[in-house]
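An overview of the molecular structure
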Amino acid sequence: ALNAMQPQAILVGSRMAEKYDELSSIAPTLDMSIDTANIYESSKQRLHDLGALFGKSDQAAKLQQNIDGLITETKSLTEENKGTGLVVMVNGNKMSAYGDKSRYGFIHTVLGVPMSDDKIADAPHGQPISFEYIQKANPDWLFVIDRSAAIGEDGIGAKAVLDNPLVAQTNAWSKQQVVYLSPDSYLAFGGYYQWMQDLTTIKDAFASAK
């Protein structure tokens, strides 16, 4: 079917990058995958590349300035030693934690929020965790990705799952410092809108911290 479309170019990323050789036999193929361990530099390069590809380098540069400006504003708040953070994905009744080398590592590496657990296993789907784990890690900030909501699945949402007596014992829950990241953080991480949405959400949360 793709062959019949006779594309002039094919852009791939993430899982589709595994088909690079096969697709490049159909048309010139560009791998636009984001390096999760270095999401800022990688996404900056991708935005630059897309601008060059479509003859919109000036617009791409302006978008990057927007991202960089918002990073600076957000960092001025997150680096004020307002406590540790833990990134958790909720998928139905399953939960996993993500560290500084994951797609959500920018919270630690770019924004400077210390990890409440610096031994999180580096895995594509995160480290499976329990309510007891969250209680023991006791983050001051809980950053949450609601996977089911992001992909449009019905069922219990992340807020309801996390409303648990053990999670309630954490500093994050007691201080109402639970930050829900955008659906794009799961579906389009490293993209312009993901940066702008999540940085704004994090900036606002830290600005109103007690």
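Above this text you will find the structure in question.
Predicted model only: the values in this text are computed from it and were never measured.

This paragraph deals with the pairing of strand β6 (residues 141-146). Most of β6 is tucked away: 6 of the 6 residues are buried. Of the two faces of β6, the one lined by W141, F143 and I145 and the one lined by L142, V144 and D146 are each fully buried. Two elements, β6 and strand β7 (residues 178-180), share 3 bridges in a ladder whose sense is parallel. Each residue of the ladder has a partner; that of L142, found in β7, is V178.

A few words now on the packing of aromatic side chains. Counted by the stated rule, this structure contains 6 aromatic pairs. Centre to centre, the rings of Y40 and W195 are 6.2 Å apart; their planes meet at 80 degrees, and the pair counts as edge-to-face. With Y40 in helix α3 (residues 39-53) and W195 in helix α11 (residues 192-207), the pair connects residues that are 155 residues apart, well separated along the chain. The same class applies to Y40 and to W195, which are both buried. Through pairs of rings, three or more aromatic residues link up here, namely Y40, F106 and W195. Cation over ring: K159 sits above Y180, and NZ or CZ is 5.1 Å from the ring centre.

Let's shift gears to the environment of Y193. With respect to the element layout, Y193 can be found in helix α11. Distance from Y193 to L63, taken between C-alpha atoms, is 9.8 Å for residues 130 residues apart in sequence.

Once that is clear, we can look at helix α4 (residues 57-78). The end-to-end C-alpha separation of α4 is 31 Å, in line with the 32 Å expected for 22 residues at 1.5 Å each. Those residues of α4 not exposed but buried are A60, Q64, I67, L70, I71, T74, L77 and T78. Relative to the axis of α4, the buried residues are bounded by an arc of 135 degrees and lie together on one face. For α4, the exposed residues lying more than 90 degrees away from the buried face are D58, K62, Q65 and T72.

Reading the values: the criteria
Residues numbered from 1 in each chain as written. Predicted model: local features only at pLDDT ≥ 70, side-chain atom pairs only at ≥ 80, totals over all residues. Heavy atoms only, no water. Buried < 20%, exposed > 50% of the residue type's maximum accessible area, 1.4 Å probe, protein only. Helix = DSSP H or I, 4+ residues; strand = E, 2+ residues; numbered from the N terminus. Pairing = 2+ DSSP bridges. Phe/Tyr/Trp six-rings, centres within 6.5 Å; stacked < 30°, edge-to-face > 60°. Lys NZ or Arg CZ within 6 Å of the ring centre and 35° of its normal. Expected span 1.5 Å × (residues − 1). Arc of directions from axis to C-beta.

Distances and angles like these do not, on their own, reveal function.
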